[in-house]
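# Residue-level structural notes
Single-letter residue listing:
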Amino acid sequence: MLEKTNIKENKKLKIILIVLDLIILCVIPIFKNFYFQDILFLVFSFLTIFLISPSKIKSVVVISFIIRIVFVLIDIYLIPLPESRVGSDAAMFEGIAFQWSQMGLPWLLNNFTSGSFMYSWIIAIIYSFVGRNLFIIQGLNALFGAFVVLNVYLIGKETWGHREAYLAAVISTFFPTLIYFSALPFREIPIIWSFTLGVYFVLLWFKKTKLLDFIAGVLLFVLSLGFHTAMLYLLLALIILVVISLVGGARNHSFVS
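Here the structure is a predicted model, which is why all the values come from computation and not from measurement. (Residues numbered from 1 in each chain as written. Predicted model: local features only at pLDDT ≥ 70, side-chain atom pairs only at ≥ 80, totals over all residues. Heavy atoms only, no water.)

This next bit is on the nonpolar core. Counting residues in each nonpolar core, the largest one holds 55 residues, and the members touching the most others are I57 and F65. In terms of residue count, the dominant contributor to this core is helix α7 (residues 134–159) (13 residues). With residues near it in sequence (within four places) discarded, I57 still touches L150, Y153, Y166 and A169. Grouped together as the second largest cluster of nonpolar side chains are six residues, V202, L235, L238 and V242 included. (Core = buried A, V, L, I, M, F, W, Y, C linked by side-chain atoms within 4.5 Å. Buried < 20%, exposed > 50% of the residue type's maximum accessible area, 1.4 Å probe, protein only. Helix = DSSP H or I, 4+ residues; strand = E, 2+ residues; numbered from the N terminus. Contact = heavy atoms within 4.5 Å.)

Take the packing of helix α10 (residues 188–208) against helix α11 (residues 211–227) next. Each pair of packed helices can be summarised by the angle the axes make with each other and by the distance between the axes. The N-to-C vectors of α10 and α11 enclose an angle of 160°; their axes lie 8 Å apart at closest approach. Between α10 and α11, the crossing angle belongs to the class labelled roughly antiparallel. For the element pair α10 and α11, the recorded crossing hand is left-handed. On α11, the residues that touch P190, I191, W193, S194, F195, L197, G198, V199, F201, V202, L204 and W205 of α10 are D213, F214, A216, G217, L220, F221, L223, S224 and F227. Along the lines of polarity and charge, the residues of the contact of α10 with α11 split into 16 nonpolar, four polar and one charged. (Axes fitted to C-alpha atoms, helices over the stretch in contact; angles between N-to-C directions. Parallel < 35°, antiparallel > 145°, perpendicular 65-115°, else oblique. Left-handed = near helix turned anticlockwise from the far one by under 90°. Nonpolar A, V, L, I, M, F, W, Y, C, P; charged D, E, K, R; others polar.)

What follows concerns the environment of P29. Note that P29 resides in the loop between α1 (2–27) and α2 (34–52). With 100 residues separating them in the primary sequence, P29 and F129 have C-alpha atoms 5.5 Å apart. Excluding anything up to four places from it in sequence, P29 contacts F129 and V130.

What follows is about the packing of helix α9 (residues 176–183) against α10. In the contact formed by α9 and α10, the axes pass within 8 Å of each other and the chain directions differ by 120°. Compared by their axis directions, α9 and α10 come out oblique. Judged by residue contacts, L178, F181 and S182 of α9 engage E188, I189 and I192 from α10. In the contact of α9 with α10, the residues fall into four nonpolar, one polar and one charged.

Okay, the pattern of salt bridges next. Between side chains of opposite charge, a pair can form as their charged atoms come close. Within the structure shown, the criterion is met by two salt bridges. Close ionic contact of E94 with R132 constitutes a salt bridge, the shortest N to O distance being 2.8 Å. Of this pair, E94 sits in helix α4 (residues 89–101) while R132 sits in the loop between α6 (118–130) and α7, and the two are 38 residues apart along the sequence. Between K207 and E158 there is a salt bridge, with its nearest N and O atoms 3.0 Å apart. (Salt bridge = Lys/Arg side-chain N within 4 Å of Asp/Glu carboxyl O.)

A separate point is the side chain of N133. Examined against the element boundaries, N133 turns out to sit in the loop between α6 and α7. A polar atom in the side chain of N133 sits 3.0 Å from the side chain of D38. A polar side-chain atom of N133 sits 3.1 Å from the main-chain amide nitrogen of F135. Excluding residues that lie within four positions of it along the chain, N133 makes contacts with F34, Q37, D38 and Y127. (Polar contact = N/O pair within 3.5 Å; in protein donor to acceptor, adjacent residues only side chain to side chain.)

Purely geometric stuff here, so don't read any function into it on its own.
Rendered as structure tokens:
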């Protein structure tokens, strides 16, 4: 009886935190002061990590986010990181996004673009709500960089087990390239996030053959393709794997029959 009560209380607490998280997200654009926006964004990020991450890996995901956000702060307030200013891809994506944001939200919604500048389009949408706040853009990359670590854990757990998955997550937490791309407005992190989460759902589909898992995996691969056309090869690889799986399943079924 006590256990059921605790489960109900945990569910109520989670619902309350989800509602609070959504309220914070909606309140951020109301404040025009960037410092208030930044504080609210950090609260939103930590709450989101707390809500999404499994308890066994939660601390690792939190640490990975803190590491990445520290580098964001270093880049913005102390010393610019390499490739973060004029002449770099990061500066190009952000600069184009700011120009597009000046056109207004209706123009942006009517001029969706995919490929390399889909990332700029998303940033422009955010800028149309919060203004040109670099911390939020780079902070979002840091947040999704932390979720890449979570995806690595989920993939490792489905492939091997908790211990190996935990080690892989720790390695990805401190992997220099992942930290670097998470701290700056590069499109690589959205690509990696959608790709790794897609891999996780495809793994679930191979193990449980649930159609929803397969659809989620395909949609996430399509999302990564939206950021970079080279990700088309992932979809082709997925199609090959599905065909092999179906053919193998059909053969096994015929042998059993």
